[in-house]
Amino acid sequence: KKDIATANDYLGRFAKLMRMILNLAAKPRIFIADEIELLELYINTEAMRFEEKFTYEVSVDDEIDPEEILVPTMILQPFVENAIWHGLAGKGEAGRIQIRFEKLGNQLVCSVEDNGKGRPAEGTKKPGGHESKALGITARRLSLLEEETGVKSFYEIIDLKGTNGEPAGTRVEVHIPLMDE
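Notes on the structure in this doc start here.

So, how was this worked out
- Residues numbered from 1 in each chain as written.
- Predicted model: local features only at pLDDT ≥ 70, side-chain atom pairs only at ≥ 80, totals over all residues.
- Heavy atoms only, no water.
- Helix = DSSP H or I, 4+ residues; strand = E, 2+ residues; numbered from the N terminus.
- Rg over C-alpha atoms; globule rule 2.2 N^0.38 Å.
- Areas by Shrake-Rupley, 256 points an atom, 1.4 Å probe, with all protein chains shown as cover.
- Lys, Arg positive; Asp, Glu negative; His and termini not counted.
- Charge placed at Lys NZ, Arg CZ, Asp CG, Glu CD.
- Axes fitted to C-alpha atoms, helices over the stretch in contact; angles between N-to-C directions.
- Parallel < 35°, antiparallel > 145°, perpendicular 65-115°, else oblique.
- Left-handed = near helix turned anticlockwise from the far one by under 90°.
- Contact = heavy atoms within 4.5 Å.
- Nonpolar A, V, L, I, M, F, W, Y, C, P; charged D, E, K, R; others polar.

**Observations regarding the overall build of the protein chain**
- From N to C terminus, the protein chain includes four helices and eight strands.
- When the helices and strands of the protein chain are read in sequence order from the N terminus, they spell out α-β-α-β-β-α-β-β-α-β-β-β.
- For 181 residues, the compact-globule estimate of 2.2 N^0.38 gives 16 Å, and the protein chain sits close to it at 17 Å.
- C-alpha extents for the protein chain along the principal axes are approximately 50 × 40 × 35 Å.
- On the protein chain, roughly 10700 Å² of surface is accessible, and the fraction owed to carbon and sulfur atoms is 52%.
- Across the protein chain, the centroid of the 23 positively charged side chains sits 8 Å from that of the 32 negatively charged ones.

The following block contains the structure:
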């Protein structure tokens, strides 16, 4: 569209995102505050690409200090990406993503929820559809974390339904041990 200012803004955001990913990638765990900063940078970059057709909100339980509690690096990014690319892309109305960090006993529950199209019903997957490598990698990372800490670590995908049972989005909950420095 020959909009040089927007192109420069997008490239600047993308470059900052790449630098942050490279800086954090070597760390097995980061503070929730850093994970939020990374997610917000990623979401804002994608929102620009999707012409601001969705909004997002991040909330942290009052019992959690985001500057003290650790999470595996980029543990939520694949789920946020799926929410944007598969849930919200092509949605006719405004999309919304909610990211939450909540304490549940000795666990941290990190959730990503969207009001997108939802997942296809069982048995309706397109032939030759790809299996997500990111989900497999995330499951393995959580399994290793469980082995290391002895605290159950997993994710679950919950299909949200509207009042008439129609798909109303997806929520992913990642359960990990509460970890601090």
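Let us keep going from here.
**Comments concerning the packing of helix α2 (residues 32-49) against helix α3 (residues 77-88)**
- Across the interface, α2 lies against α3 with an axial gap of 11 Å and an inter-helix angle of 20°. Considering the angle they form, α2 stands roughly parallel to α3. For the element pair α2 and α3, the recorded crossing hand is right-handed. Touching Glu35, Leu39, Tyr42, Ile43, Glu46 and Arg49 of α2 are Gln77, Val80, Glu81, Ile84 and Trp85, all from α3.
- Taken together, the residues that form the contact of α2 with α3 break down as six nonpolar, one polar and four charged.

Coordinates in, geometry out; function isn't part of it.
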